[in-house]
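# Commentary on secondary and tertiary structure
Given next are the chains, with one letter for each unit.
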Amino acid sequence: MTEACHSQWQYNFAFLDENTKRMLRRALLKAVAIPGYQVPFGSREMPLPYGWGTGGIQLTASIIGQDDVLKVIDQGADDTTNAVNIRRFFARVTGVATTSSTAAASLIQSRHRIPETPLRSGQIMVFQVPEPEALRTLEASEVETRKLHAHQEYGLMHVKLYEDIARFGHIATSYDYPVMVNQRYLSSPSPIPKFDNPKLHMSPALLLFGAGREKRLYAIPPHTRVESLAFDDHPFSVQRWEQACALCGSHDSYLDEIITDDAGARMFVCSDTDYCQQQQEGKA
Amino acid sequence: MLLQAFDNMVQDCQQVFRCTLAAMAEPLLPRTLPCLPPALPGLKPATSALLYTLIDQDVTLWAPALPPATLASLRFHCALRLADTPEQADFILLPAGSALPPLSSLRAGSPEYPDRSATVLLEVEDFTPQQVEASGPGFASPRRFGATGLPPAFWTQWQANHARFPLGVDVLLISATQLAGLPRSTVVQEG
Ligand SMILES: [Zn+2]
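Residues numbered from 1 in each chain as written. Chains lettered and ligands numbered in written order. Predicted model: local features only at pLDDT ≥ 70, side-chain atom pairs only at ≥ 80, totals over all residues. Heavy atoms only, no water.

All names here are of chain B. Examined against the element boundaries, Thr47 turns out to sit in helix H2 (residues 45–54). Taking relative accessible area as the criterion, Thr47 reaches 0% and is therefore assigned buried. Once you skip the residues sitting within four places of it in the chain, Thr47 turns out to touch Leu93, Glu123 and Ile174. (Helix = DSSP H or I, 4+ residues; strand = E, 2+ residues; numbered from the N terminus. Buried < 20%, exposed > 50% of the residue type's maximum accessible area, 1.4 Å probe, protein only. Contact = heavy atoms within 4.5 Å.)

In structure tokens form, the structure reads like this:
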């Protein structure tokens, strides 16, 4: 980019200053070296309130380059307010190309889903994380959770899941279902449905997680073992639906139940809007 | 005399970082850096690129004696802060042929904060596929790897470093124009 071109931006490329990017980049390299471990980082103010994905935005801003093609999803959809705002923000502060196609994207920022279209080598996914500490509901103190991770003392989490089984006959946790990364760190996969957990295991893509309020980031490198917690007598299982998607007919995707009229009529459709459209076009 | 850094610091550092991130995510897979600055005296061009990308006033670097022009340029472009000893440093820069400080003597992080650990920038002559078989996170299947110009007994030291996981140091192996990541998670078998 020439100087003349550069001056068209009212701010630095990708909004963040270079010192902040370097700090985040160094933290990302450590996160990749210690899969599933939460690296603290110093946070800079972002032009969005917490809850709008500031952690994910900071990670994306520290890694994005002019050659990237960016996709942003919220609950699987590219066209929700949150996804549209983040995509517009990056288009404005970087000039990069954006897409709704999972296959065409080099960088995917996501809130609460992993696309149905399998990720490929070279792609990077950035997850927006509201609570990075998988043990937080069980232990409020950061000092204590750090110790539990240090000693790989994860019995509390097993007890919690087993209490679910005792109460409900099955593990009731259906999203943000805890995983063991590289057989070492218990980690939060962010509030994705447990349906998406198997996609974390040996993914060919690099998976990065950013929590803005908590100022933490962590990573699952490509081809890394990721196991959802389970018990011998209660193996891990994912959500299934009796219906197919009402729009594309897929039996393999995560479905949302939507109300279609004032009378309360319901139907099930793919949460991943790009995938659903591809399936519909494939059948046309 | 100050030496020129990248033509466009913002874009070129981003490109070099993405290459470094990919190198750490898929270890021991040599990658050619997408852009190189003019080499700093005493260092390979790829090493100069990594220093401009990773070093600033928030971290310390230890290196054996570097040429004055190199130090002056790094102070100017990166606000370089030198550590007194390798044991204290965030980054340890080892130009080709330097003695390797014992990896076990470098900052390895603490059990609660294993990220507070050193990164070693280690220059080698070239990459060859003939010394070790490696596996771990980032390996779809085991990969053969080798590098000429590694310090003696490097792989033995590496095995001890990996055995301390999640503590330990991470290494970036650097040739003239290429880079291979070696995070502490990588398991290496010699032969
Ligand atoms: Zn569908």
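This is not the end of the story, as more comes after the structure.
Moving on: the coordination of the zinc ion. All names here are of chain A. For the zinc ion, the protein coordination sphere consists of Cys245 (SG), Cys248 (SG), Cys270 (SG) and Cys276 (SG), at 2.2 to 2.4 Å. Seen from the zinc ion, its 4 donor atoms lie at angles of 105 to 117°, and the figure they make is tetrahedral. Mapping the donors of the zinc ion onto the primary sequence yields the spacing C-x2-C-x21-C-x5-C. Neither residue differs from the other here; Cys245 and Cys248 are each classed as buried. (Donors = N, O, S within 2.8 Å, 3.2 Å for Na, K, Ca; no water. Tetrahedral: all angles 85-135°; square planar, octahedral: opposite > 155°, others 65-115°.)

Further remarks concern the sheet that holds strand S9 (residues 216–220) of chain A. Where strands meet in a sheet, backbone hydrogen bonds hold them as pairs that are either parallel or antiparallel. Residues and elements named next belong to chain A. What the 7 strands build is an open sheet, ordered S1-S9-S8-S5-S4-S2-S3; its pairing is mixed. Where the open sheet ends on each side, the last strands, each with one partner, are strand S1 (39–40) and strand S3 (97–98). Bridge count for S1 against S9 is 2 bridges, and the pairing is antiparallel. Bridging across to S9, Val39 finds its partner in Leu217. (Pairing = 2+ DSSP bridges.)

A word on the interface of chain B and chain A. Of the residues lining the interface, 41 residues belong to chain B; the matching set on chain A comes to 40 residues. When chain B packs against chain A, the two sides together hide about 3400 Å² of surface, and 59% of this comes from carbon and sulfur. Counting across the interface, chain B meets chain A through 4 salt bridges. A salt bridge links B:Asp56 to A:Arg26, with the shortest nitrogen-to-oxygen separation between them at 3.1 Å. Our count for the contact surface shared by chain B and chain A stands at 15 residue pairs in polar contact (both at pLDDT 80 or more). (Buried area = accessible area lost by both parts, 1.4 Å probe. Salt bridge = Lys/Arg side-chain N within 4 Å of Asp/Glu carboxyl O. Polar contact = N/O pair within 3.5 Å; in protein donor to acceptor, adjacent residues only side chain to side chain.)

Quick look at the environment of B:Asp7 now. All names here are of chain B. Along the polypeptide, Asp7 turns up in the segment before helix H1 (9–25). A sequence separation of 28 residues divides Asp7 from Cys35, and the C-alpha atoms of the two residues are 9.7 Å apart. Engagement of the side chain of Asp7 in a polar contact is seen with the side chain of Gln4, the distance being 3.0 Å.

What follows covers empty space enclosed by the protein. Following the criterion strictly, the structure yields 1 cavity of 30 Å³ or more and no others. Taken together, A:Gly36, A:Tyr37, A:Gln38, A:Glu133, A:Glu142, A:Thr145, A:Arg146, A:His149, A:Ala150, A:Tyr185, B:Pro111 and B:Glu112 make up the full set of residues lining the largest cavity. Per-element tally for the lining of the largest cavity: the top contributor is helix H5 (residues 142–150) of chain A, with 5 residues. (1 Å grid on protein atoms, 1.4 Å probe; cavity = no way out; pocket = protein on both sides within 12 Å on 5 of 7 lines; lining within 4 Å. Points joined across faces, edges and corners; volume = space filled by probe spheres on them.)

Right, let's talk about unusual backbone geometry for a bit. Cis rather than trans, the peptide bond between B:Phe165 and B:Pro166 has omega equal to 10°. Relative to the elements of secondary structure, B:Pro166 occurs in the loop between helix H4 (154–163) and strand S7 (170–174). The backbone of A:Lys215 shows a phi angle near 55°, a positive value even though the residue is not glycine. By relative accessible area, A:Lys215 is classed as partly exposed at 30%. For B:Ala153, which is not a glycine, the phi torsion comes out positive at approximately 60°.

If you walk through the whole model with that rule in mind, you get 15 aromatic pairs over all chains. Seen in terms of ring centroids, A:Phe127 and A:Phe209 are 4.4 Å apart; in terms of plane orientation they differ by 10°. Their pairing is stacked. In this pair, A:Phe127 sits in strand S5 (residues 124–128) while A:Phe209 sits in strand S8 (residues 206–211), placing the two residues 82 residues apart along the sequence. Given the relative accessible area of 0%, A:Phe127 is considered buried. Through pairs of rings, three or more aromatic residues link up here, namely B:Phe127, B:Phe145, B:Phe154, B:Trp155 and B:Trp158. Lying over the aromatic face of B:Tyr113, B:Arg116 brings its terminal NZ or CZ to 3.8 Å of the ring centre. (Phe/Tyr/Trp six-rings, centres within 6.5 Å; stacked < 30°, edge-to-face > 60°. Lys NZ or Arg CZ within 6 Å of the ring centre and 35° of its normal.)

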